[in-house]
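What follows is the residue order along each chain.
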Amino acid sequence: MIPSRLPHSLRLLLAAWSAIILLPIMGVCGQNTTTTITVWRPSPTEDTTSAQYTSDSIFRDTLLNETNYYRAQHDAQALTWNETLQAYAQDWADRCLWKHSHGPYGENLAGGYSNASAAVFAWADERRMYDFGKPTGFTEATGHFTQLVWKSTKQVGCARVDCGYNPNDDNNSTRAKGWYVVCEYTPAGNVVGYNNKFFKANVEPQGGTDDAGNNAAGSSAGDSNNNSNNNDDESGAAFASVRMSSIWVAALAVAVVFVVFG
C-alpha cells in the first residue's frame, strides 16, 4: 500500500508504473504455455552392467526380454528360450571364431559390446536402413534385424564368452574380440527367394506404419554378423500444457487496486 501522505500526482505515477509491469504478466498468466520435458530412455551403453555377461540367469533374461521388446514393436510374437539352441550357441561361441557356424538355425553374432542389451540394440537398430514397402529383403546391413523380428521364428537360445583382445590381431582376423554373443533361432528367419515373399510375410513395419522408425537413442561400439537362409530358394520427448491459475490474475489485479486507492 502506498502511504496516503504521498502527493496525489506521485501516487498516480506509481499506479501507472504498476499497471505497465503487471499487465504483461497477467496476459502471460492467462495463456497456455507448452513445456517440453525430455524423457531419456538410456541407450544400452549408458546402462552398462557386467552382470548381463557374468550371470547366466541375467544374461538369459536380458536377451529374451530385449528380443521380445523389439519383436512386439513389429507385431511378432514373443520367443521362448530353448536349451538346445543355447547349447549349440555356446559350443560355437567357445571357439571365438568371428564367422557363422552355418548350422541348421538362424544365427546372429555380436562382438565387443559393453553388455548384452547393447548387442540386441545394435541388431534392432538396423531397421532404420530397412525398406518395408519394397521390401529390402536380405542384406548384410539389415539381416540381424530381420532375423530378430522374423514372425515365423518361435524359439531362441543364446550364449556368450569373453574372447579377450589380442594386440596382434588385425582387422582381418577371424577371431572374435571382447564379449562374443551368439544367438540361434528356430525356425530360421531370413528365408530368401520368391521375390522376397517371405520377408513381406515375416517382417512387419514398426507400429503398423511404412516407416522403419527409431528406438533408443545413442550408438554402441562393436560388431555384428548375420547369415541368411536359402529356400529354393530413447530419447523421446513428452509435452505438457501448463495454464497459470486465474487466482494469480485476480491477486495481481487486487494489488493494483491497493496501489491506486490504498
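Description of the structure in this document.

### Quick notes on the overall build of the protein
Part 1 of the reasoning: In terms of helices and strands, the protein carries eight helices and nine strands.
Part 2 of the reasoning: Per-residue burial over the protein gives 40% buried out of 262 residues.
Part 3 of the reasoning: With the model as given, the accessible surface of the protein reaches about 14,000 Å², and the carbon-plus-sulfur share is 55%.

### A word on the pairing of strand S3 (residues 106-111)
Part 1 of the reasoning: For S3, the buried fraction is high: six of the six residues fall into the buried class.
Part 2 of the reasoning: Residues of S3 alternate between two faces, with Gly106, Asn108 and Ala110 on one and Glu107, Leu109 and Gly111 on the opposite face, all of them buried.
Part 3 of the reasoning: Judged from the six bridges that link them, S3 and strand S5 (residues 179-186) form a sheet pairing that is antiparallel. Within S5, the position partnered with Gly106 by the bridge is Tyr185.

### Considering the environment of Val203
Part 1 of the reasoning: Mapped onto the fold, Val203 is located in the loop between helix H7 (197-202) and strand S7 (223-226).
Part 2 of the reasoning: A relative accessible area of 5% means that Val203 is categorised as buried.
Part 3 of the reasoning: Expressed as a C-alpha distance, the spacing of Val203 and His74, which sit 129 residues apart in the sequence, is 7.2 Å.
Part 4 of the reasoning: Excluding anything up to four places from it in sequence, Val203 contacts Tyr130, Phe132, Phe145, Thr146, Val149 and Trp150.

Calculation criteria
Residues numbered from 1 in each chain as written. Predicted model: local features only at pLDDT ≥ 70, side-chain atom pairs only at ≥ 80, totals over all residues. Heavy atoms only, no water. Helix = DSSP H or I, 4+ residues; strand = E, 2+ residues; numbered from the N terminus. Buried < 20%, exposed > 50% of the residue type's maximum accessible area, 1.4 Å probe, protein only. Areas by Shrake-Rupley, 256 points an atom, 1.4 Å probe, with all protein chains shown as cover. Pairing = 2+ DSSP bridges. Contact = heavy atoms within 4.5 Å.

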